[in-house]
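Read off the chains here:
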Number of protein chains: 2
Amino acid sequence: MKPENTSLEITKATSSTIGKVDFDNLTFGKYYADHMMICDFIDGKWETPKILPYGPMQMEPSAKVFHYGQAVFEGMKAFKDKDGKVWLFRPEENFKRINKSSKRMAIPEFPEEYFFSALKTLLKLDKEWIKSGDGNSLYIRPFAIATEAGVSASPSNRYRFVIICCPAKAYYSSPVKVTIAQEYSRSADGGVGFAKAAGNYGAQFYPTNLAKDKGYQQIIWTDANTHEYLEEAGTMNIFFRIGDKLVTAPTNDRILDGVTRKSIIALAERENIEVEVRRVTVKEIVEAAENGSLKEIFGTGTAATVAQVSGFEFQDNYHELPEVENPYSMKFKKMLQDIQYNRAEDPFGWRYAVEV
Amino acid sequence: MKPENTSLEITKATSSTIGKVDFDNLTFGKYYADHMMICDFIDGKWETPKILPYGPMQMEPSAKVFHYGQAVFEGMKAFKDKDGKVWLFRPEENFKRINKSSKRMAIPEFPEEYFFSALKTLLKLDKEWIKSGDGNSLYIRPFAIATEAGVSASPSNRYRFVIICCPAKAYYSSPVKVTIAQEYSRSADGGVGFAKAAGNYGAQFYPTNLAKDKGYQQIIWTDANTHEYLEEAGTMNIFFRIGDKLVTAPTNDRILDGVTRKSIIALAERENIEVEVRRVTVKEIVEAAENGSLKEIFGTGTAATVAQVSGFEFQDNYHELPEVENPYSMKFKKMLQDIQYNRAEDPFGWRYAVEV
């Protein structure tokens, strides 16, 4: 753990809005913790990060983020254990990934010491917003946006890196029905699909709305070229359990290198569950569903942790998944949460203690 | 021309910043006309549009545009003729296209009467910002952004439609060198490439920076799957002149349906120049360059109008284009500008008079 950077400029909120929040009935993304971090990139360098009361920002209407989508983000969670200690889960992975995303979107990389000192300061100031108990967390959203005023289609010379936090309960608590993409697609070879670039998400809303109209909450995206290979679900990576084996697509320039995904792979290997990281065809999954060898499908992501899929639609046929005893999805979710909430050993060194 | 909508709420600027602008030495996108239009979509409907002094907007840090790139835009120009009359060029096309882009990005469509009454009001208020003379124009940037405060990855329930204007001179005045994409790509089948979605542009900045480092100002994108077919140049559609014939790629879900592109096709047909709208292979263009039949390459777009290409790079070979007499590019540029500046007949009905 790096020393706290004392050069942050801190302006504390004069009052807290925490009293307005019903933590038992949270709408994700509706309430924000009292403080945020803002750091501007001006004249070729990141200025001193500022911790400020959460609130609106002034933006030029011509700011490039509005016009050219030069924006990236991350999703992380802080967990509180039963003793009130606060933990992050593999935050270095998110830090590395936001800079990888930034590079692809021509955004300058953010300094590691700023990222971690801002995180620690925010979690200390807003520690009351982190609730203990299974599924409770403080969702942390670091993001970077192009702020230069100027409508010419070229990289911005100004950026703003922001961290905001909002209390969260587990997402998608009941199993989801999904549909397999046959017409629309999420990303191209040589494109930005591997990055958490803002535009990747907005581009999925319309096809997802069409899917929802048919009763499916999520789309499993396929390769844009043939629609024969299963890729990811837009906010989640996807695992298939065939017999006792797990299969998931390899990451590439179209697929996000999910932190939960790689944690599940590591946990599965520890449990001596075979994991095949290889291209997965729609055909084999349909066949496995038909012959009964497809036991589970689940999605993994920071927001969802592990989300069970109850069935999938392909070419107007709905394939209901069987109810299995002790599903892998729930086993891995519990293992992951036990590590996240400091209820289990952490042989991988994934937990990151935050002094609050 | 639709009657002016008198229900706009107008707040005039108390002073003008026009005195600060050196119209002979403009940096595109640096200065903005005194007024802008803002219209919010709240509770399922677009509110009354407001004309306001140009200035910053307050945005929630959690506004969805920053996180999910739910944003679209258009580019248009207003021209002033020698008698001081103001003209738009095919504005209905831009209106239709922004709604087509919005639909794909799950943004509610904007009402036609609001769009045109706002345009007319802005051009009337800021008529001094439109300068006559070849290449001078007022660039108009309508755009729509998701403004709901909320980091959950789902369509926003609030949007803002904005129109800002900035004085412009012709872009890319000298011929540009381009490179043909072999590694990166711009869009996928089934994706949002046909839309003026913000993220399509930011995603090109990094590969374009790499191209610039090698001395090429623009990339001609190829299909993401094989890189064998030439598509568009990101901010321009592309035409190839082989012998006396023009060839350009058909529009599809990866390629923007450019207003300048279709105007050039119509002008070429009027001039009895053969135009083939069909898939164009890299191979045939390289061969045409090698055997001397490739006479010209040019890009078309609202910002650039018509931009000559002086040569292209493919697989480390640079193909310089010949100097041709009376190039099509300049011929079409002149024809287009003569219509735009009301110096020629307008048999197509493309000019749209604005009462100022």
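Residues numbered from 1 in each chain as written. Chains lettered and ligands numbered in written order. Predicted model: local features only at pLDDT ≥ 70, side-chain atom pairs only at ≥ 80, totals over all residues. Heavy atoms only, no water.

Draft legend 1. Broad picture of the side chain of S185(A). Relative to the helices and strands, S185(A) resides in the loop between β11 (176–180) and α4 (198–213). Residue class for S185(A) comes out buried when judged on its relative accessible area of 4%. Not counting residues within four places of it along the chain, the set of residues in contact with S185(A) comprises W221(A), T222(A), A224(A), H227(A), R104(B), A188(B), D189(B), G190(B) and G191(B). (Helix = DSSP H or I, 4+ residues; strand = E, 2+ residues; numbered from the N terminus. Buried < 20%, exposed > 50% of the residue type's maximum accessible area, 1.4 Å probe, protein only. Contact = heavy atoms within 4.5 Å.)

Draft legend 2. Representation of the domain arrangement of chain A. Residue and element names in this part refer to chain A. Taken domain by domain, chain A comprises domain 1 (9–169) and domain 2 (176–324). Spacing between the C-alpha centres of domain 1 and domain 2 amounts to 28 Å. A combined buried area of about 1500 Å² lies between domain 1 and domain 2, and 61% of that area is made up of carbon and sulfur atoms. When the area that domain 1 buries against domain 2 is broken down by residue, the three leading residues are F73, R97 and R104, summing to 38%. Summed over the shared surface of domain 1 and domain 2, the number is one salt bridge. Linking domain 1 with domain 2 are ten residue pairs in polar contact (both at pLDDT 80 or more), by the criterion used here. Those elements that place two or more of their residues in the side of domain 1 that touches domain 2 are β6 (71–73), β7 (76–80) and α2 (91–104). Of all the elements, α2 adds the most residues to the side of domain 1 that touches domain 2, at six residues. (Domains from an automatic or database assignment. Buried area = accessible area lost by both parts, 1.4 Å probe. Salt bridge = Lys/Arg side-chain N within 4 Å of Asp/Glu carboxyl O. Polar contact = N/O pair within 3.5 Å; in protein donor to acceptor, adjacent residues only side chain to side chain.)

Draft legend 3. Main features of the pattern of salt bridges. In this structure the tally under the stated criterion is 44 salt bridges over all chains. Between D257(B) and K262(B) there is a salt bridge, with the nearest N and O atoms lying 3.4 Å from each other. Taking the relative accessible area as the measure of exposure, D257(B) reaches 23% and is therefore partly exposed. E287(B) is the partner of K283(B) in a salt bridge, and the nearest nitrogen-oxygen pair spans 3.5 Å. Of the two residues, K283(B) and E287(B) both sit in helix α6 (residues 282–291), four residues apart, roughly one turn of that helix. Here the salt bridges do not stand alone but share partners, grouping R90(A), E93(A), K96(A), D257(A) and K262(A) into one network.

Draft legend 4. Helix α6 (residues 282–290) of chain A, seen in detail. Residues and elements named next belong to chain A. All of the buried residues along α6 are V282, I285, V286 and A288. Down the axis of α6, the sector holding all buried residues measures 160°, keeping them to one side. Turned more than 90 degrees from where α6 packs its buried face, K283 and E290 sit exposed. Of the residues trailing α6, G292 is marked for its positive phi of about 85°. (Arc of directions from axis to C-beta.)

Draft legend 5. Representation of the pairing of strand β10 (residues 159–168) of chain B in the model. All names here are of chain B. In terms of burial, β10 is largely enclosed, as ten of its ten residues are buried. Judged by which residues are buried, β10 turns out to be covered on both faces: Y159, F161, I163, C165 and P167 on one side and R160, V162, I164, C166 and A168 on the other are all buried. Note that strand β2 (residues 35–42) and β10 share five bridges and pair antiparallel. Bridging from a neighbouring strand, C39 pairs with F161 of β10. (Pairing = 2+ DSSP bridges.)

Draft legend 6. Expanded view of the interface of chain A and chain B. Between chain A and chain B, the residue contacts involve 60 residues of the former and 60 residues of the latter. Of the roughly 4900 Å² buried between chain A and chain B, counting both surfaces, carbon and sulfur atoms make up 63%. On the chain A side of the contact with chain B, P61(A), F66(A) and F205(A) bury the most area, a combined 14% of that side's loss. Linking chain A with chain B are 21 residue pairs in polar contact (both at pLDDT 80 or more). Of all the secondary structure elements, the ones that give two or more residues to the side of chain A that touches chain B are β5 (57–59), α1 (64–68), β6, α2, β9 (137–146), β10 (159–168) and α4 of chain A.

Draft legend 7. Structural detail: the relation of the copies chain A and chain B. The transformation that overlays chain A on chain B combines an axial shift of 0.0 Å with a rotation of 180°, and the residual RMSD is 0.0 Å. Expressed as a symmetry operation, the mapping of one chain copy onto the other fits a two-fold axis. Of the residues that chain A buries at the interface, 100% are likewise interface residues in chain B, meaning the two copies contact each other through the same surface. (Least-squares fit on C-alpha atoms with pLDDT ≥ 70 in both.)

Draft legend 8. Quick look at the packing of aromatic side chains. Scanning all chains against the criterion turns up 55 aromatic pairs over all chains. Where F116(A) meets Y352(A), the ring centres are 5.5 Å apart and the plane angle is 35°; that geometry is what we call tilted. Taken together, the residues F116(A) in helix α3 (residues 112–125) and Y352(A) in strand β21 (residues 351–354) connect sequence positions 236 residues apart. Taking the centre distance of 6.2 Å and the plane angle of 85° together, the rings of W46(B) and F161(B) count as edge-to-face. Of this pair, W46(B) sits in strand β3 (residues 45–46) while F161(B) is found in strand β10, placing the two residues 115 residues apart along the sequence. No difference in accessibility class separates W46(B) from F161(B), as the two residues are buried. Each member of the aromatic cluster is reached from another via a ring pair, and the members are F41(A), W46(A), F95(A), F110(A), Y114(A), F115(A), F116(A), Y159(A), F161(A) and Y352(A). Above the face of the Y229(A) ring, R279(A) is positioned so that its terminal group lies 3.7 Å from the ring centre. (Phe/Tyr/Trp six-rings, centres within 6.5 Å; stacked < 30°, edge-to-face > 60°. Lys NZ or Arg CZ within 6 Å of the ring centre and 35° of its normal.)

Draft legend 9. Region of the structure containing the environment of E109(A). Residues and elements named next belong to chain A. You can see E109 is positioned in the loop between α2 and α3. Since its relative accessible area comes to 46%, E109 is described here as partly exposed. Placed 167 residues apart in sequence, E109 and E276 show a C-alpha to C-alpha distance of 33 Å. Here E109 is in contact with W46, N99 and K103, once residues within four sequence places are set aside.

Draft legend 10. Structural detail: unusual backbone geometry. At H227(A), a residue that is not glycine, the phi angle is positive and equals roughly 55°. Within the secondary structure, H227(A) is located in the loop between β12 (218–220) and β13 (229–230). Judged by its relative accessible area of 13%, H227(A) falls in the buried class. The residue N272(B) is not glycine, and still its phi comes out positive at about 55°. Mapped onto the secondary structure, N272(B) falls in the loop between α5 (259–270) and β16 (275–277). Assessed through its relative accessible area of 71%, N272(B) is described here as exposed.

Draft legend 11. Highlighting the pairing of strand β14 (residues 237–242) of chain B. All names here are of chain B. The element β14 is extensively covered by neighbouring structure, given that six of its six residues are classed as buried. Of the pairings in the sheet, the one linking β14 to strand β18 (residues 294–301) comprises six bridges and is antiparallel in character. Looking across to β18, one finds that F240 is bridged to I297. Where β14 lies against strand β15 (residues 245–248), four bridges are found, and the strand directions are antiparallel. By the bridge assignment for β15, F239 is matched with T248.

Draft legend 12. Fine view of the side chain of R90(A). Its place among the elements puts R90(A) in the loop between β8 (86–89) and α2. The residues touching R90(A), leaving out its near neighbours within four places in the chain, are V259(A), K262(A), S263(A) and W350(A).

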